Amino acid sequence: MRDKALQRRWELFLLVVLAAVFCVNVSLSEFYLREQNFINMFQLSIEKLIVVVIMTFVIVNGEIDLSVASVMAFSACVLATLHRDTAVPFELAVVIALAAGVVAGLLQGAFVALMGLPSLVVTLAGLIGFRGAGRILVEDNSIGDFPEWFESLGQEPLVGRFSFALILFAVLIVVAGIVLHRTAFGRSVFVIGNNANVARYSGLNVARDKLLIMTASGFFAGLAGVLFASRLGSVRGDLATGFELDIITIVLLGGVSIFGGSGTMVGVALSILVVLNIRNGLGLGNIDQNTQTGVIGVLLILAVLVPNLVARVARSSQVRRVGEPSPPDHAGGGDTRQREPDLHPTQE
Amino acid sequence: MTTLLRFRPERLRELSLVAVIAVAVFIFSLLIDNYLGGSFFNRVTTSLAITAVLAAGQTLVILTRNIDLSVGSIVGVTAYVTGEYLHGHPDNAPMLAVAYAIAIGAGLGLLNGTLVAYARVPAIIVTLGTLAIYRTWLINHSDSRTITSDGLPDWVVDLPNSTLFSFGAWDIRTVVAGTVVLILVLQLMLGGLKWGRWVYAVGSNPDAARQAAVPVERVVLGAFVASGALAGLAGFLFLSRFGTITVNAGNGLELQSVAAAVVGGVNIFGGSGTVVGSLLGALLVNLLDLSLLRVPGLSEFWRDAVLGVLILAAVAVDFLVGRRLGRLATRARGRPAAGVPPPTQGAVDA
């Protein structure tokens, strides 16, 4: 119950921030309110947003996937290499590239779910390894000359002013929200993220769910990589470098607990809006990309810091009045990685 | 097996890592001409110094059940700022420049630590944020100027090549010897001082540590300050090794330091692992990284892929062996051994 109230408050907080950013942006530039500006805002980071949706599942499930940007590059490199070096029809090459993402996710998922290795370590190896696998394929070349339909898929609007990737993202986030919050599978994602042991003893198939989610993460990263290739029109080995930090930042800013077990898709959607609008506003104000990244960094810390401090101040005044001991902190304590004392700290 | 069990489990892990390193050296020496010659040894050990210092700091933080992702940015900031300082004051005492770098690193670590320990923001969020913030500050501060080796005093540029003593063609560089001594001292402090035991206690179980009157906040803060200070030192080493510092200096070192610590057997969930282990982990990662470059027929593009596979393999083997040893040790002694992860998922299912 407490959790739910906190989450509502969190979403409210993001909404307030969003409103403030909106007002500042409106006063900053007349271009801000144009429809095309909003579409561009999404369009320019649509691949990241697609991965954000699945990353929400991964983190709520109590895991993390640092390899997503490398898997994006890996899939795109598979596609580009098949296109350049073989006679495989391009449509089939796309399917193979998507399959490559699935294999990448499945492989890492197997180590996490079946062997019980920490996902932080497995996907750290994946971050290095899949980037390397992509490099083996394309070396330091840039591969382009994709078929016309493929490039226009990424660059031209499909329906009205919306590109294929944009529509896909819109459908995806709605479906993902329903799956996470309204289905039995979604419930089990939360239960496992909260305490995998309890979930196991309650008869949930923890390994299967974790494997499924890590595999899906690989698939969507691969899909995002292919879409990125179609938008850019060319593929290089360093495609999407560093995206994992942006993606994880958006998810955490959305109020998803890094320890797993709590978060909402609504929060993540608001966080997407906040981050996009801040970046857009700073861009309109002629503030460079680098400073934008710094601002997002500050926001990420403040986002957890401020509610923590407020809660503490509120509590200490309460304690003085009532003289009762205080409930635990919101973030689960800065120095504890798990949300509760656990006799088996090596557990996922 | 019983003789082996007389060792403490963390020593066993270190020994198995030494064996892995020995096997790797043996295999590479068959593949690569003149592999055991002096120049390659020197190259590995020089690049080891930076990673090992960072990995030691990272280990301290991970032991307390936290993580420091900002070290790469701290290396960049300190390398750049110390370079500027040396450009401005080339005649000052060398120790001042080193102290300057360490102090700046410690200051940045203090900010991380305060936010984690006292403001109770999870470490991964704080350091993910400061990773971006410190780098942003550096990029704005630098105004796209680069630090070049021209303006640096000679002693800084010569430092990486200064040799303490040599075994035949193998030179023991001053920097490398210093790093090893530093890590041994840290290890002794962790094992011998009350502070060291506190670090493990906090990482094993923060709530129990609090009940036992361990000053949890101060221990966590101390770990972050130490990690920042060591990253500052690594920044100085980075400056002296490369001479040319751009705003991208140290990018990605945070992941390398985590990889070294984890390969070195430091438990990512805190409470177990050693600084010496992280040194060995750093050695293995560096050794593989540089050796793969020289294997004939293996293009440079293969390096990362192979490195990823090897890190995963090292961790998986270490994990499985550690679990097995833990069970054996429990059986042999009738109580769980310290430093070995308790039986996990697989064991529960079995």
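Being a predicted model, the structure only gives us computed values, none of them experimental.

J.: Explain the overall build of chain A residue by residue, including any values.
T.: On a plain count of helices and strands, chain A comes out with 14 helices and two strands. At 21 Å, chain A has a C-alpha radius of gyration in line with the 20 Å of a compact globule built from 348 residues. Its C-alpha atoms give chain A principal-axis dimensions of about 75 × 55 × 35 Å. When burial is assessed residue by residue, chain A has 51% of its 348 residues classed as buried.

J.: Go over the overall build of chain B with me, naming the residues and quoting the values.
T.: In terms of helices and strands, chain B carries 15 helices and two strands. Taking 350 residues into account, the globule formula puts the C-alpha radius of gyration at 20 Å, and chain B, at 21 Å, falls close to it. Looking at chain B as a whole, 52% of its 350 residues qualify as buried. Within chain B, counting contacts between residues at least 6 apart in sequence, those at least 24 apart form 75% of the total.

J.: Describe the confidence of the model for chain B, listing the residues and the values that go with them.
T.: Confidence along chain B averages 86 in pLDDT terms, with 93% of residues attaining 70 or more. Within the model, pLDDT remains below 50 along residues 342-350 of chain B, and this stretch shows 17 contacts once partners closer than five positions in the same chain are excluded.

J.: Tell me about the environment of F22 of chain A, residues and numbers included.
T.: Structurally, F22 of chain A is set in helix α1 (residues 2-28). C-alpha separation for the pair F22 of chain A and G281 of chain A, spaced 259 residues apart in sequence, amounts to 8.4 Å.

J.: Give a detailed account of the interface of chain A and chain B, specifying residues and quantitative values.
T.: Interface size is often expressed as the accessible area that is lost when the parts come together. In this assembly, 52 residues from chain A lie in contact with 57 residues from chain B. Tallying contributions element by element places helix α6 (residues 119-138) of chain A first for the side of chain A that touches chain B, with 14 residues. In terms of residue class, the side of chain A that touches chain B is made up of 27 nonpolar, 17 polar and eight charged.

J.: Go over the pairing of strand β2 (residues 170-173) of chain B with me, naming the residues and quoting the values.
T.: All names here are of chain B. Residues D171 and R173 line the buried face of β2, whereas the alternating positions W170 and I172 sit on a face that is not buried. Both strand β1 (residues 163-167) and β2 contribute to a ladder of four bridges, which runs antiparallel. By the bridge assignment for β2, S166 is matched with D171. Counting the residues in the hairpin turn of β1 and β2 gives two residues, including G168, whose phi is positive at 55°.

J.: Outline α6 of chain A, listing residues and values.
T.: Residue and element names in this part refer to chain A. With 20 residues, α6 should cover 28 Å at 1.5 Å per step; its first-to-last C-alpha distance of 28 Å lies within 8% of that length. A large share of α6 lies buried, amounting to 18 of its 20 residues. The first or second residue beyond α6 is E139, which carries a positive phi of 50°.

J.: Before we move on, can you summarise the packing of α6 of chain A against helix α12 (residues 253-263) of chain B with the specific residues and values?
T.: For the pair α6 of chain A and α12 of chain B, interaxial distance at closest approach is 11 Å and the crossing angle is 125°. As the angle between them shows, α6 of chain A and α12 of chain B are arranged oblique. α12 of chain B is crossed by α6 of chain A, and the crossing has left-handed handedness. Where α6 of chain A approaches α12 of chain B, its residues V121, L124 and L127 of chain A are matched on the opposing element by L255, V258, A259 and V262 of chain B.

J.: Give a description of the environment of H83 of chain A that names residues and reports values.
T.: Residue and element names in this part refer to chain A. Its place among the elements puts H83 in helix α4 (residues 68-85). Its 22 C-beta neighbours within 10 Å are what place H83 among the buried residues. It is 38 Å that separates the C-alpha atoms of H83 and G254, two residues lying 171 residues apart in sequence.

J.: Which residues make up unusual backbone geometry, and what values go with them?
T.: Glycine aside, a negative phi is what most residues show, and trans is what most peptide bonds show. Its identity is not glycine, yet E139 of chain A carries a phi of approximately 50°, on the positive side. Examined against the element boundaries, E139 of chain A turns out to sit in the loop between α6 and α7 (148-155). With 14 C-beta atoms counted inside 10 Å, the residue E139 of chain A sits in the partly exposed group. In the Ramachandran plot, S144 of chain B falls in the positive-phi region, its phi being about 50° despite a non-glycine side chain. C-beta crowding within 10 Å serves as the criterion here: with 8 such atoms nearby, S144 of chain B is assigned to the exposed category.

J.: Quick rundown of the confidence of the model for chain A? Include the residues and the values.
T.: The pLDDT averaged across chain A works out to 87; a share of 91% of its residues lies at or above 70. Across residues 324-348 of chain A the pLDDT falls below 50, and counting only partners more than four positions away or on other chains, this stretch makes 69 contacts in the model.

J.: Which residues make up the nonpolar core, and what are the values?
T.: By size, the foremost hydrophobic cluster in this structure holds 209 residues, and its most contacted members are M72 and A76 of chain A. Sort the elements by how many residues they give to this core and helix α11 (residues 216-242) of chain B lands first, with 17 residues. In this structure A76 of chain A touches G225, V226, F228, A229, V235 and L239 of chain A, once residues within four positions along its chain are discounted.

J.: Summarise helix α5 (residues 90-114) of chain A; cite the residues concerned and give the values.
T.: The end-to-end C-alpha distance of α5 of chain A is 35 Å, a good match for the 36 Å that 25 residues give at a rise of 1.5 Å each. Positive phi appears at G116 of chain A, one or two residues downstream of α5 of chain A, with a value of about 85°.

J.: Describe the environment of E47 of chain A, and please don't skip the residues or the numbers.
T.: For E47 of chain A, the location among the structural elements is in helix α3 (residues 46-60). Counting along the chain gives 230 residues from E47 of chain A to N277 of chain A, while the straight-line C-alpha distance between them is 17 Å.

J.: A description of the packing of α4 of chain A against helix α12 (residues 243-253) of chain A should follow, citing residues and the corresponding values.
T.: When two helices pack together, their arrangement is given by the angle between the helix axes and the distance between those axes. Residues and elements named next belong to chain A. Where α4 contacts α12, the two axes come as close as 7 Å, and the packing angle between them is 130°. As far as their axial angle goes, α12 and α4 are oblique. Residues V68, A69 and M72 of α4 touch α12, and the partners they reach there are F243, E244 and I247. Tallied by class, residues from the contact of α4 with α12 come to five nonpolar, no polar and one charged.

Calculation criteria
Residues numbered from 1 in each chain as written. Chains lettered and ligands numbered in written order. Predicted model: local features only at pLDDT ≥ 70, side-chain atom pairs only at ≥ 80, totals over all residues. Helix = DSSP H or I, 4+ residues; strand = E, 2+ residues; numbered from the N terminus. Rg over C-alpha atoms; globule rule 2.2 N^0.38 Å. Buried ≥ 20, exposed ≤ 12 C-beta atoms within 10 Å, placed from the backbone. Contact = placed C-beta atoms within 7 Å. pLDDT = per-residue confidence, 0-100. Nonpolar A, V, L, I, M, F, W, Y, C, P; charged D, E, K, R; others polar. Pairing = 2+ DSSP bridges. Expected span 1.5 Å × (residues − 1). Axes fitted to C-alpha atoms, helices over the stretch in contact; angles between N-to-C directions. Parallel < 35°, antiparallel > 145°, perpendicular 65-115°, else oblique. Left-handed = near helix turned anticlockwise from the far one by under 90°. Core = buried A, V, L, I, M, F, W, Y, C linked by C-beta atoms within 7 Å.

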